[in-house]
Amino acid sequence: MSVLDRPAGPVPPAPAGAPVPFLDLSGVHAGLRPELDAAWARVLADGRFVGGPEVDAFEAAFAAFCGARHCVGVANGTDALELVLTGLGIGPGDEVLVPANTFVASAEAVRAAGARPVFVDVRPDTLLIDPAAAAAAVTHRTAAVLAVHLFGQVVDVGELSAVASRHGLAVVEDAAQAHGGTFDGRRAGSLGHAAAFSFYPGKNLGALGDGGAVVSDDTALVDRVRRLADHGRCGRDRHRHVLAGRNSRLDALQAAVLAVKLPHLDADNARRAAVARRYRETLPGTVHPVAVHPSARSAHHLFVVRVPDRAAATGVLDRSGIGWGVHYPVPCHRQPAFRRWSRGPLPVAEDAAARILSLPLSPTTTSTQIDRVCTALGRASR
Ligand SMILES: *Cc1c(COP(=O)(O)O)cnc(C)c1O
């Protein structure tokens with residue numbers, strides 16, 4: 001019996017023919033209900049809702065999970081990226097290399113820091129940043145490159161770091177979709193100069209609201225991020241503001257929820273991997289999953305395929321009650337907000353955007369559900 005045929009929690013399996021959700025968060029949370037109830041009762045009794053022991057404990061646990069020295073909880077993943085860039089001294093006049101195939105937040109954070117995003121194309125196999133394209137886009141203004149671990153995959157940081165060290169760039173990981181993913185056995189969050197994580201509810205490690213974290217071995221950087229995120233405060237004196245900072249903090253309630261969910265993350269990711277394996281074994285030959293680098297272990301945040309006719313595929317999925325998504329239909333350099341920083345066509349990202357389709361994937365997805373998705377896609381390609 002495959003892990004997919006064992007219930008993930010106390011929720012009974014859906015009846016045959018029931019809709020297949022794109023992401024099943026209620027199923028994930030149902031099994032954690034007693035632990036979650038205890039966590040918020042503890043926070044309510046403690047009375048410290050911003051900062052305090054719940055946040056300290058989660059930060060320590062998440063740094064250890066990633067194999068990094070430090071973690072600072074912040075308000076969301078976009079802030080985490082911006083705070084890393086600002087903390088590294090990157091701002092107006094600087095350029096930051098951003099893969100065109102990413103969630104728009106990667107580019108927003110660069111703008112929020114005051115720097116200019118320079119979009120680069122992705123590799124046709126993994127749809128992750130192409131190190132050669134990154135190298136070709138470097139100018140004397142380039143300060144950093146964003147290693148966006150998209151779909152749960154992990155960027156080949158060896159190649160990217162070689163480009164970065166040749167040109168004196170910081171490698172900043174956007175690990176918002178890759179909690180627990182690895183490259184050569186090292187986890188996302190420990191591969192670059194610093195990493196930004198999101199705990200948006202739909203991510204592999206999701207809060208019950210917004211949340212994010214900066215993870216790094218660089219003590220000075222982490223101290224700066226912590227200050228910037230807390231009104232520029234320095235040390236014990238609450239009324240001494242050494243930096244013109246801002247407010248971007250992780251709530252104690254979200255930290256307590258995340259601390260409940262973190263110990264289940266590896267098992268959840270293993271179930272996601274089993275779902276991905278069955279998709280690969282069962283999908284019709286016309287549907288091509290995005291490749292994972294052989295040295296990477298994906299966190300399988302999304303299961304993304306290329307289909308010959310996306311309108312036909314989504315039509316059949318809709319009629320079959322099967323959820324789907326597209327991540328992302330318009331590459332960043334083609335978005336109205338970012339077009340003006342575009343330096344011309346990026347053919348791989350543009351071609352992929354027109355063909356990709358994300359299939360249902362949750363730790364609770366069953367073999368029966370996967371087989372229904374594959375059968376429906378087989379009908380679409382006939
Ligand atoms: C979700 C996400 C972000 C932003 O995280 P928020 O917590 O929503 O601000 C950044 N980059 C990528 C790749 C994401 O998927």
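Residues numbered from 1 in each chain as written. Predicted model: local features only at pLDDT ≥ 70, side-chain atom pairs only at ≥ 80, totals over all residues. Heavy atoms only, no water.

1. Remarks on the site of the ligand
Taken together, the neighbourhood of the ligand is formed by 15 residues, with Gly 77, Thr 78, Asp 174, Ser 198 and Lys 203 sitting nearest. Within the side chain of Gln 177, one N or O atom sits 2.8 Å away from an oxygen atom of the ligand. Here an oxygen atom of the ligand sits 2.6 Å away from a polar atom, N or O, in the side chain of Ser 198. Burial of the ligand by the protein chains amounts to 92% of its free accessible area of 370 Å². Elements with a contribution of two residues or more to the shell around the ligand: helix H4 (77-87) and helix H5 (105-112). Residues belonging to the shell around the ligand are distributed by class as follows: five nonpolar, eight polar and two charged. (Near = heavy atom within 4 Å. Polar contact = N/O pair within 3.5 Å; in protein donor to acceptor, adjacent residues only side chain to side chain. Areas by Shrake-Rupley, 256 points an atom, 1.4 Å probe, with all protein chains shown as cover. Helix = DSSP H or I, 4+ residues; strand = E, 2+ residues; numbered from the N terminus. Nonpolar A, V, L, I, M, F, W, Y, C, P; charged D, E, K, R; others polar.)

2. Here's the deal with helix H11 (residues 310-319)
Along H11, the positions that sit buried rather than exposed are Arg 310, Ala 313, Thr 314, Gly 315, Val 316 and Leu 317. The N-cap of H11, judged by a side-chain oxygen 3.3 Å from the amide nitrogen of Ala 311 a few residues on, is Asp 309. Just downstream of H11 lies Gly 321, where phi reads positive at about 70 degrees. (Buried < 20%, exposed > 50% of the residue type's maximum accessible area, 1.4 Å probe, protein only.)

3. Observations regarding unusual backbone geometry
The step from His 327 to Tyr 328 runs through a cis peptide bond, and the omega angle for that step is 10 degrees. Within the secondary structure, Tyr 328 sits in the loop between H11 and helix H12 (347-355). Even without a glycine there, the phi angle at Phe 151 is positive, about 70 degrees. Of note in this structure, His 231 is not a glycine but carries a positive phi near 60 degrees. Assignment of secondary structure puts His 231 in the loop between helix H8 (219-228) and strand S10 (233-234).

4. Quick word on the packing of H4 against H8
Two elements in contact, H4 and H8, have axes separated by 9 Å at closest approach and are oriented at 120 degrees. In this view, H4 runs oblique relative to H8, as classed from their interaxial angle. The crossing of H4 and H8 is right-handed. Counting all contacts with H4, which are made through Leu 83, Val 84, Thr 86 and Gly 87, the residues of H8 involved are Leu 221, Arg 224, Val 225 and Leu 228. (Axes fitted to C-alpha atoms, helices over the stretch in contact; angles between N-to-C directions. Parallel < 35°, antiparallel > 145°, perpendicular 65-115°, else oblique. Left-handed = near helix turned anticlockwise from the far one by under 90°. Contact = heavy atoms within 4.5 Å.)

5. Examining the environment of Ser 161
By the secondary structure assignment, Ser 161 is in helix H7 (residues 157-167). The exposure class assigned to Ser 161 is partly exposed, which follows from its relative accessible area of 26%. Between the C-alpha atom of Ser 161 and that of Arg 116, which follows or precedes it by 45 residues, the distance is 21 Å.

6. Focus on the pairing of strand S9 (residues 212-216)
Of all five residues in S9, five are buried, a share of seventy percent or more. In this sheet, S9 lies alongside strand S1 (residues 70-74) in antiparallel orientation, the contact comprising five bridges. Of the residues in S9, the one forming a bridge with His 70 is Ser 216. Examined bridge by bridge, strand S8 (residues 194-198) and S9 share four bridges and lie antiparallel to one another. Among the inter-strand pairings, Ala 195 is bridged to a residue of S9, identified as Val 215. (Pairing = 2+ DSSP bridges.)

7. A short note on the packing of helix H2 (residues 33-46) against helix H9 (residues 252-261)
With their axes 9 Å apart at the nearest point, H2 and H9 run at an angle of 150 degrees to one another. Classified by the angle their axes make, H2 and H9 are roughly antiparallel. Both H2 and H9 take part in a crossing whose hand is right-handed. Contact with H2, carried on its side by Glu 35, Leu 36, Ala 39, Trp 40, Arg 42 and Val 43, involves Ala 252, Leu 253, Ala 256, Val 257 and Val 260 of H9 and no other residues of that element. For the contact of H2 with H9, the residue count by class is nine nonpolar, no polar and two charged.

8. Points about the pairing of strand S14 (residues 303-306)
In summary, the side chains of a regular strand alternate between the two faces of the sheet. With burial as the criterion, each face of S14 is covered, one bearing Phe 303 and Val 305 and the other bearing Val 304 and Arg 306. With two bridges connecting them, strand S12 (residues 288-289) and S14 associate as antiparallel partners. Within S14, the residue paired with His 288 across the bridge is Arg 306.

9. Thoughts on helix H3 (residues 53-66)
With 14 residues, H3 should cover 20 Å at 1.5 Å per step; its first-to-last C-alpha distance of 20 Å lies within 8% of that length. Every buried residue of H3 is listed here: Glu 54, Val 55, Phe 58, Glu 59, Phe 62, Ala 63, Phe 65 and Cys 66. Considered in projection along H3, the buried side chains sweep an arc of 155 degrees and stay on one side of the axis. Of the residues in H3, the exposed ones pointing more than 90 degrees away from the buried face are Ala 60 and Ala 64. Positive backbone phi, at 75 degrees, marks Gly 67, one or two positions downstream of H3. (Expected span 1.5 Å × (residues − 1). Arc of directions from axis to C-beta.)

10. Some points on the side chain of Ser 216
Structurally, Ser 216 can be placed in strand S9. Apart from residues lying up to four places away in sequence, Ser 216 is in contact with Ala 68, Arg 69, His 70, His 193, Ala 194, Leu 221 and Val 222.

11. Re a nonpolar patch on the surface
A cluster of nonpolar residues, Trp 40, Leu 208 and Leu 253, forms a patch on the protein surface that exposes about 240 Å² of accessible area. Tracing the sequence through the fold places Leu 253 in helix H9. The exposure class of Leu 253 is partly exposed, given its relative accessible area of 38%. (Patch = residues over 30% accessible without salt bridge, like charges linked within 9 Å, V, L, I, M, F, W, Y side chains within 5 Å. Salt bridge = Lys/Arg side-chain N within 4 Å of Asp/Glu carboxyl O.)

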